Amino acid sequence: GRTEDWVGLKNADTVETQTYHYTHMLRVFRNEEDEAKRDENAVKIFGEAAESKRVNIHVLNEFLQVASQSAVQQLLGKPNYSKDPLVLIREIPPEWIEIVEPGGKSPYEW
């Protein structure tokens, strides 16, 4: 099932979870029927990405797709936020954002 997939993904990379892993882990919960469960997982995964400085536009977009509005508000600590990932990514704490090698793809762009 879904949880096993997620655990598999989580255990597959013991070194370091990359941004695309967070995107995939979030996507796994897109079809979760139980909103509370979906929110809990979305917040947990996005929180881990933020702590690891692994948030980019894709991770943020997937989080916005999966989490309910109240979960996003709670995580961001503000009642109003842009639903546009291109705008929102510039409003979240910079310490959450992926650090890319010079010449690498900007975390702020698609």
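How each quantity is defined
Residues numbered from 1 in each chain as written. Predicted model: local features only at pLDDT ≥ 70, side-chain atom pairs only at ≥ 80, totals over all residues. Heavy atoms only, no water. Salt bridge = Lys/Arg side-chain N within 4 Å of Asp/Glu carboxyl O. Helix = DSSP H or I, 4+ residues; strand = E, 2+ residues; numbered from the N terminus. Buried < 20%, exposed > 50% of the residue type's maximum accessible area, 1.4 Å probe, protein only. Polar contact = N/O pair within 3.5 Å; in protein donor to acceptor, adjacent residues only side chain to side chain. Phe/Tyr/Trp six-rings, centres within 6.5 Å; stacked < 30°, edge-to-face > 60°. Lys NZ or Arg CZ within 6 Å of the ring centre and 35° of its normal.

Trainee: How do you make sense of the pattern of salt bridges when you look at a structure like this?
Mentor: A side chain of one charge can pair with a side chain of the opposite charge if their charged atoms are brought near each other. Enumeration according to the criterion identifies four salt bridges in this entry. Residue K44 is joined to E48 by a salt bridge in which the shortest nitrogen-to-oxygen separation is 3.3 Å. A residue pair is termed a helical-turn pair when its members lie 3 or 4 positions apart in one helix, as K44 and E48 do in helix 3 (residues 35–51) at four residues. Of the charged contacts, one joins E91 and K78 as a salt bridge, the two residues approaching to 3.6 Å between their closest N and O atoms. Taken together, the residues span a long stretch of sequence, with E91 in the segment after helix 6 (85–88) and K78 in the loop between helix 5 (69–76) and helix 6 at a distance of 13 residues. The exposure class of E91 is partly exposed, given its relative accessible area of 40%. Linked through salt bridges whose partners overlap, the residues forming this network are R27, R30 and E62.

Trainee: Explain the side chain of N41 here, please?
Mentor: Relative to the elements of secondary structure, N41 occurs in helix 3. Taking the relative accessible area as the measure of exposure, N41 reaches 14% and is therefore buried. Within polar-contact distance, the side chain of N41 engages the backbone oxygen of K37 at 2.8 Å.

Trainee: How should I be thinking about the packing of aromatic side chains in this particular structure?
Mentor: Ring pairs (aromatic) are described by centroid distance and by the angle formed between their planes. Tallying each qualifying case throughout the model produces two aromatic pairs. Ring geometry for F46 and F63: centres 4.4 Å apart, planes at 20°, overall stacked. One end of the pair, F46, is in helix 3; the other, F63, is in helix 4 (residues 57–66), and 17 residues separate them in sequence. Classification of F46 by relative accessible area gives buried; the value is 0%. Arranged with centres 5.8 Å apart and planes meeting at 80°, the rings of F46 and W96 form a pair that is edge-to-face. Separated by 50 residues along the polypeptide, F46 in helix 3 and W96 in the segment after helix 6 bring together distant segments of the chain. For the pair formed by F46 and W96, the shared burial category is buried. In this structure an aromatic cluster arises from ring pairing among F46, F63 and W96. The side chain of K83 reaches across the aromatic face of Y81, ending 4.6 Å from its centre.

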